[in-house]
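Report on the structure
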Amino acid sequence: MVLGIPPTSPAVFWSDLARDPYAVGPVSRQMPIPSPMRIEIYTQSYCPFCRSAIQLLDDLGAPYSHHEMDEKGPELDEIKARFDHHTIPIVVIDDALVGGFTELSKLAEQGGIETA
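Presented here is an overview of the structure given in this document. (Residues numbered from 1 in each chain as written. Predicted model: local features only at pLDDT ≥ 70, side-chain atom pairs only at ≥ 80, totals over all residues. Heavy atoms only, no water.)

**Here's the deal with the environment of glutamine 44**
If you trace the backbone, glutamine 44 turns up in the loop between strand S1 (39-43) and helix H2 (48-60). Owing to a relative accessible area of 13%, glutamine 44 belongs among the buried residues under this scheme. A sequence separation of 28 residues divides glutamine 44 from lysine 72, and the C-alpha atoms of the two residues are 9.6 Å apart. At a separation of 2.7 Å, a polar atom in the side chain of glutamine 44 contacts the side chain of tyrosine 46. (Helix = DSSP H or I, 4+ residues; strand = E, 2+ residues; numbered from the N terminus. Buried < 20%, exposed > 50% of the residue type's maximum accessible area, 1.4 Å probe, protein only. Polar contact = N/O pair within 3.5 Å; in protein donor to acceptor, adjacent residues only side chain to side chain.)

This is how it looks when you write it as structure tokens:
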């Protein structure tokens, strides 16, 4: 038995999955289940662009992780160096740098932000 499928089960092909995306078949033939994008935003409380970025994500209803860096100077320096982005906010989606508020708003205008 492979992956809980009895050996007498018929083979599952992409054409079958197109009709039933939840069909059980060998892992190599299953349709990938998309995961929601993981948005992280690094901010400081005094920054108006940070507040605007957070407001934009809230308005879109997009889930995100907010990292307030007011008392975390060395950690913020690490994040800035890691993404080679030296201003705030720092917006990261799926471990890839988007940029700051301007880039986030352009991405949102293009429909590139998944909402809940």
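And the narrative resumes.
**Notes on the pairing of strand S2 (residues 65-68)**
Every regular strand shows the same layout, with side chains that alternate between the two sheet faces. As paired strands, S1 and S2 are joined by four bridges and run parallel to one another. When the sheet's bridge partners are listed, glutamate 40 is paired in S2 with serine 65. Since S1 and S2 lie parallel, the crossover through H2 that links them has a hand, and here it is right-handed. (Pairing = 2+ DSSP bridges. Right-handed = clockwise from strand over helix to strand, strands pointing away.)

**A few points about the nonpolar core**
Grouped together as the largest cluster of nonpolar side chains are 12 residues: Met37, Ile39, Ile41, Ala53, Ile54, Leu56, Leu57, Ala62, Val91, Ile93, Leu104 and Ile113. Of all the elements in the fold, those that place two or more residues in this core are S1, H2 and strand S3 (90-93). Here the element with the most residues in this core is H2; it accounts for four residues. Among residues more than four places away in sequence, those in contact with valine 91 are Ile39, Glu40, Ile41, Ala96, Leu97, Val98, Gly99, Gly100 and Leu104. Cys47, Leu76, Phe83 and Ile88 belong to the second largest nonpolar core, which has 10 residues in total. (Core = buried A, V, L, I, M, F, W, Y, C linked by side-chain atoms within 4.5 Å. Contact = heavy atoms within 4.5 Å.)

**As for the packing of aromatic side chains**
According to the stated counting rule, one finds one aromatic pair in the structure shown. Relative to phenylalanine 101, the ring of phenylalanine 49 has its centre 6.5 Å away and its plane inclined at 40°; by these criteria the two rings are tilted. Taken together, the positions of phenylalanine 49 in helix H2 and phenylalanine 101 in helix H4 (residues 101-109) put the pair 52 residues apart, joining distant regions of the chain. Overall, the relative accessible area of 24% leaves phenylalanine 101 in the partly exposed class. (Phe/Tyr/Trp six-rings, centres within 6.5 Å; stacked < 30°, edge-to-face > 60°.)

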